[in-house]
Amino acid sequence: MGRLRRMLARRRPKLVSLRTTFAISFAAVTAAVAILVGIVSYGSAARLVRVDQQSVFSQVVQDVRDEVRQHRMLPEDFSSSRPGHDLVRPARTDVQVLGAQGQIVDHGDPSLPVTSHDRSMALTRTAGKAVEHKDVQVGDDLYRIATVSLGDGRGAVQVAQEFSDTEDLLRTLQQRTLILMAAVVVAAGLFGWWLARRITRRLVVLTNAAEDVARTRRLGIEVPVAGLDEVGRLGRAFDRMLGRLAQSEEDQRRLVQDAGHELRTPLTSLRTNISLLRRIDELPPATRDDLVADLTQEARELTDLVNELVDLAAGQSDTEPPQRVDLADIAEDVVGLAARRTGRRIVLRVSGDTTTDGRPGMLQRAMSNLVENAAKFDRAGQAPIEVHVMGPARPGTVRVEVLDRGPGIAEGDLIRIFDRFYRAADARSLPGSGLGLSIVREVAMAHGGAPFAYRREGGGAVIGFTVGGG
């Protein structure tokens, strides 16, 4: 097994950094472009040079042919010792003169070879006829040679052009082009490495931050990434994500702590009453009835507390997709269900456009908590509970409020009634967990709104929330 693991470890591919990949890619693209440009440039230059040399040679030969056609010329007229011979001896051109029998009467520099075709040109009767030889080896060099007849069997003149020096020049150009391409590739690689390092520097910071979070599990790490480009936006988004995760983790920790604190009281009471069950036969009938009633009430409160904890946790991570909803329709369902449960008269009033984007399940849960809270604190009330759904108070905002005629809310409790597990002093004897209104706050904030509460004129309270304001 250990050997297998070592083999797998050896076969595991090595990670290549983005910086290296970017530098190699930049160098590869530059190399491809440099090679392509070098090949095209060299090919064009070589073709132009060769064509130019050929055209020059062809023009010299044509000038000689025109000259011998227009004038009766003898081999002596092309002699290197004859004044004016430069007219038919241009630069980089070698001239050799043949006599009437095809013999060399004036050697070129270097001496050019004479073939049977060249001798036949010396014997021909027509002036200006020519025969051309390509790639003739003369010593260590290559020449083009054209033999032009003087006519009437007077001889011929050979005109030669060396093109091996042109090929040497082109080879030198080729070598320099290769050296230049290599230099461009090396420079591109170095520049690509520098540019990749500059571009990926902030990505490395983000990577290190992510690895630190994964290693230490600390979400409060600051991400020092700036800039207005995509990397800067990524850094700011990553920083906001860490902030929200840290806030979510803190909320979960507080929820667990608060839930643990609140669960201790009913659990302790249940444990005490359960211990009394062992002596239930010794207890009077009235005490037994009270004990069973306490157990029933505590079990119910514990169930309600667990259900509301689940609702609160679900509200924090609700995956229900948002959709277009009408809060008036949701309120109508909530009012009908609450009226059947409590037996109270509940009045619904709707005004304006009450449609918005939201999660129907969460909004129904928030409205149900508000109505049940009003019914709980106004048990003996004769006036109906009122539910108002109004929209829009401002563009895109819908307001939901529940009005009751209960004992009202003390001034000092108005700012705390939406805290988790908070219960006013005069409400601690009533059943409940203290989570209902905190769920209302979570739902309102998740929909871009906020909860509110204030004392109602004439007694009672007004508690509600807004949605769609974000």
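Residues numbered from 1 in each chain as written. Predicted model: local features only at pLDDT ≥ 70, side-chain atom pairs only at ≥ 80, totals over all residues. Heavy atoms only, no water.

**Quick look at the overall build of the protein**
The condition that has to hold: Where helices and strands are cited, they refer to DSSP runs of H or I of at least four residues and of E of at least two residues respectively, numbered from the N terminus. To sort residues, take the accessible area from a 1.4 Å probe on protein chains only and compare it with the maximum for the residue type: under 20% means buried, over 50% means exposed, and anything in between is partly exposed. The Shrake-Rupley method, run with a 1.4 Å probe, gives the accessible areas here. Residue values count only the displayed protein chains as cover.
A count of helical and extended segments in the protein gives nine helices and 12 strands. A total of 470 residues make up the protein; the buried ones form 37% of that total. For the protein, the exposed surface amounts to about 27900 Å²; the carbon and sulfur share of it is 55%.

**Considering helix H7 (residues 327-342)**
Two residues of an α-helix separated by three or four positions point the same way, owing to the 3.6 residues in each turn. The test is simple: Expected span of a helix, by definition, is 1.5 Å for each gap between consecutive residues, and there is one gap fewer than residues. Along the arc lie the directions from the helix axis toward the C-beta atoms. Side-chain atoms alone can form a polar contact between residues adjacent in sequence; in general such a contact is a pair of N or O atoms within 3.5 Å, and within protein one must be able to donate a hydrogen while the other accepts it.
Between the first and last C-alpha of H7 there are 22 Å, a value that for 16 residues agrees with the 22 Å anticipated at 1.5 Å per step. Listed as buried for H7 are Leu327, Ala328, Ile330, Ala331, Val334, Val335 and Ala338. Along the axis of H7, the buried residues cluster in a sector spanning 150°; they form a single face. Along H7, exposed side chains directed more than 90 degrees from the buried face belong to Glu332 and Arg340. Where H7 starts, the residue carrying a side-chain oxygen 3.0 Å from the main-chain nitrogen of alanine 328 turns out to be aspartate 326. Just downstream of H7, glycine 343 is the residue with a positive phi angle, here 75°.

**Brief notes about the sheet that holds strand E10 (residues 398-404)**
Rule in force here: Pairing between strands is defined by DSSP: at least two bridges between them are needed. Structural elements are reduced to axes, namely lines fitted to C-alpha atoms, with helices fitted over the stretch in contact, and the angle between N-to-C directions of any two is expressed from 0 to 180 degrees. Contacts between residues were defined by any pair of non-hydrogen atoms, one from each residue, lying within 4.5 Å.
Spatial strand order, E7-E9-E10-E12-E11: five strands in an open sheet with mixed pairing. Sheet topology places strand E7 (346-352) and strand E11 (451-455) at the edges, where each strand pairs with a single neighbour. The mean inter-strand angle of the sheet, taken between neighbouring strand axes irrespective of direction, is 15°. Examined bridge by bridge, E10 and strand E12 (residues 461-467) share seven bridges and lie antiparallel to one another. From the neighbouring strand, arginine 399 faces E12, where its bridge partner is threonine 466. The strands touched by H7 are E7, strand E9 (385-391), E10 and E12; relative to E7, the strand with the most contacts, the crossing angle is about 175°.

**A word on the environment of aspartate 135**
Among the structural elements, aspartate 135 can be located in strand E3 (residues 130-138). For aspartate 135, a relative accessible area of 54% puts it in the exposed group. Distance from aspartate 135 to phenylalanine 163, taken between C-alpha atoms, is 8.6 Å for residues 28 residues apart in sequence. Aspartate 135 has contacts with Leu142, Tyr143 and Phe163, leaving out every residue within four places of it along the chain.

**Re the sheet that holds E3**
Pairing within the open sheet is antiparallel, and its five strands lie in the order E2-E1-E5-E4-E3. Because the sheet does not close on itself, it has two edges, and the strands there are strand E2 (104-106) and E3. Each neighbouring strand pair of the sheet contributes to a mean axis angle of 30°, computed without reference to strand direction. Bridge analysis of strand E1 (residues 93-98) against E2 gives two bridges, and the strand direction is antiparallel. Each residue of the ladder has a partner; that of leucine 98, found in E2, is isoleucine 104.

**Description of the UniProt feature "transmembrane region" (unreviewed entry) in the protein**
What counts is decided by this rule: UniProt positions are given in the numbering used here, feature names are shortened, and annotations may be inferred rather than shown by experiment.
In the UniProt entry, the feature "transmembrane region" (unreviewed entry) is given for residues 178-196. Secondary structure content for residues 178-196 is 100% helix and 0% strand, and the end C-alpha separation is 26 Å.

**Focus: the pattern of salt bridges**
What counts, and what does not: Each reported salt bridge corresponds to a side-chain nitrogen of Lys or Arg within 4 Å of a carboxyl oxygen of Asp or Glu.
Taken as a whole and assessed by the stated rule, the structure comprises eight salt bridges. With a closest N to O distance of 3.9 Å, arginine 125 and aspartate 152 form a salt bridge. Of the two residues, arginine 125 is situated in the loop between helix H3 (116-123) and E3 and aspartate 152 in the loop between strand E4 (141-149) and strand E5 (156-162); the sequence distance between them amounts to 27 residues. The partner of glutamate 386 in a salt bridge is arginine 456, and the shortest N-O contact between them spans 3.3 Å. Placement of glutamate 386 in strand E9 and of arginine 456 in the loop between E11 and E12 is noted, with a sequence separation of 70 residues between them. Judged by its relative accessible area of 14%, arginine 456 is buried. Counted as one network, the salt bridges with shared partners bring together Arg72, Arg125, Asp152 and Arg154.

**Let's talk about helix H8 (residues 360-377)**
Over its 18 residues, H8 runs 26 Å from end to end, which matches the ideal 26 Å to within 8%, given 1.5 Å per residue. When you tally the buried positions in H8, you get 13 out of 18 residues, the bulk of the element.

**Observations regarding unusual backbone geometry**
In the segment running from aspartate 109 into proline 110, the intervening peptide bond is cis, with an omega of 5°. As for its position among the elements, proline 110 is in the loop between E2 and H3. Following glycine 391, the chain continues into proline 392 via a peptide bond in cis, with omega recorded as -10°. On the secondary structure map, proline 392 appears in the loop between E9 and E10.

**Thoughts on the nonpolar core**
Taken as a class, soluble globular proteins show a tendency for nonpolar side chains to be buried jointly. Quick reminder of the rule: Nonpolar cores are built from buried Ala, Val, Leu, Ile, Met, Phe, Trp, Tyr and Cys residues. Side-chain atoms within 4.5 Å join them into one set.
Membership of the largest hydrophobic core comes to 36 residues, with the highest contact counts inside it found for Leu327, Leu363, Met367, Ile463 and Phe465. Looking at this core, the elements that each hand over two or more residues are H7, H8, E9, E10, helix H9 (436-446) and E12. The element contributing the most residues to this core is H8, with eight residues. Among residues more than four places away in sequence, those in contact with leucine 363 are Val325, Leu327, Ile330, Gly358, Val443, His447, Phe465 and Val467. Ranked by size, the runner-up nonpolar core spans 14 residues in total, among them Phe57, Val60, Val97 and Val157.

**Notes on the pairing of strand E8 (residues 355-358)**
Of the two faces of E8, the one holding Thr356 and Gly358 is buried and the one holding Thr355 and Asp357 is not buried anywhere. Note that strand E6 (residues 323-326) and E8 share four bridges and pair antiparallel. Its bridge partner lying in E8, valine 325 is registered against threonine 356.

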